[in-house]
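Coordinates in review
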Amino acid sequence: MRAALTTAFYVAPQEAEEAQRLFDAACRSARLDQDPDLPLVAGRGVPSALVLAREWGMTDLTERLASAIDASYEPTWDNARGEFTWGMGLDEEHPRGQFNAFLATAEAAGPGRWTALSAAPLERCPQVVDVDFPRVALRQADWADSTLRLGLAPLRENPQQRTTFRVIGAAPGSWQIAGPPGSTVERTEHSLVIETPLVSTDLELTPSA
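One structure accompanies this document, and this report is about it. Note that the structure is predicted; figures quoted are calculated from it, not measured. (Residues numbered from 1 in each chain as written. Predicted model: local features only at pLDDT ≥ 70, side-chain atom pairs only at ≥ 80, totals over all residues. Heavy atoms only, no water.)

1. Structural notes on the overall build of the protein
Which entries qualify depends on this criterion: Secondary structure elements are taken from DSSP: a helix is a run of H or I of four residues or more, a strand is a run of E of two residues or more, and numbering for both begins at the N terminus. We call a residue buried when its accessible area falls under 20% of the maximum for its residue type, exposed when it is over 50%, and partly exposed in between, using a 1.4 Å probe and counting protein chains only. Residue contacts are defined here by distance: any two heavy atoms, one from each residue, within 4.5 Å place the two residues in contact. Surface accessibility in these figures is a Shrake-Rupley result with a 1.4 Å probe; residues are shielded only by whichever protein chains are displayed. We count Lys and Arg on the positive side and Asp and Glu on the negative side, and we leave His and both chain ends out. A charge is said to be at NZ when it belongs to Lys, at CZ for Arg, at CG for Asp and at CD for Glu.
When you go through the protein residue by residue, the secondary structure sums to six helices and ten strands. Considered along the principal axes of its C-alpha atoms, the protein spans approximately 60 × 40 × 25 Å. Relative to its 209 residues, the protein shows a buried fraction of 34%. A separation threshold of at least 6 residues defines the contact pool for the protein, and within that pool the share at least 24 residues apart is 60%. Carbon and sulfur atoms make up 49% of the accessible area of the protein, which totals about 12200 Å². Here the protein carries 18 positive and 29 negative side-chain charges, and the mean point of each set is 2 Å from the other.

2. Structural notes on the layout of surface pockets
Cut-off, in case you're wondering: Only protein atoms enter the 1 Å grid, on which a cavity is a set of points fitting a 1.4 Å probe that cannot get out and a pocket is an open set with protein on both sides within 12 Å along at least 5 of 7 lines, lining residues being those with an atom within 4 Å of a point. Grid points are joined across faces, edges and corners, and a volume is the space filled by probe spheres set on the points. For this scheme, ten residues count as nonpolar: Ala, Val, Leu, Ile, Met, Phe, Trp, Tyr, Cys and Pro. Four count as charged, namely Asp, Glu, Lys and Arg, and the remainder, Gly too, count as polar.
A volume near 320 Å³ is recorded for the largest pocket. Breaking the lining of the largest pocket down by element, the ones donating at least two residues are β2 (83–86), β4 (136–144) and β5 (147–154). Of all the elements, β4 adds the most residues to the lining of the largest pocket, at five residues. The class makeup of the residues in the lining of the largest pocket is ten nonpolar, two polar and two charged. Put simply, the second largest pocket is a space of about 280 Å³. As for the second largest pocket, its lining consists of 14 residues, and the residues nearest its centre are T85, E92, E93, H94 and P95. Of all the secondary-structure elements, those providing two or more residues to the lining of the second largest pocket are β1 (75–78) and β2. It is β2 that provides the largest number of residues to the lining of the second largest pocket, a total of three residues.

Right, here's the structure in full:
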């Protein structure tokens, strides 16, 4: 019955009521309606259950599953590569891709988000591209009204070096940047080109008045 947790994950965006009935039965069968036995068995079932618990605002279940996952699935930063993965207790050379994909989805999950992906075409929005990963990664990229807020996390900080990336689809016109000294933003025909020192920092991009 544990496999039904993942089945419910796939059904939820199309048939939410059926998915919830299947999910509730699967949770009882897998004993997720109480504190689960630790360590958790590696697989897709519990991560997909966490996605749906967050999708449907099931706070108690979310807290139980998140705590059990942290205790069982070996969340790990690889500082040399700048990557975050879950070992799942499998003692494998490389983290299991599919299992990690479900756990990453659970990290991004929230009320209605999984359903929204199937409800309608996604609204086009500006995108940050050409980031020099793994030399530098983004720990934040979100919009607050017309301001793009970015958090840069270099693998190794070096204020004497610079990194460059682009934003495509931004509103026309001039933009200004707030960040460390030496940060610049240039408007080209198709994008904004951002250049900034290779340091851990926050940037804000806003249209010029």
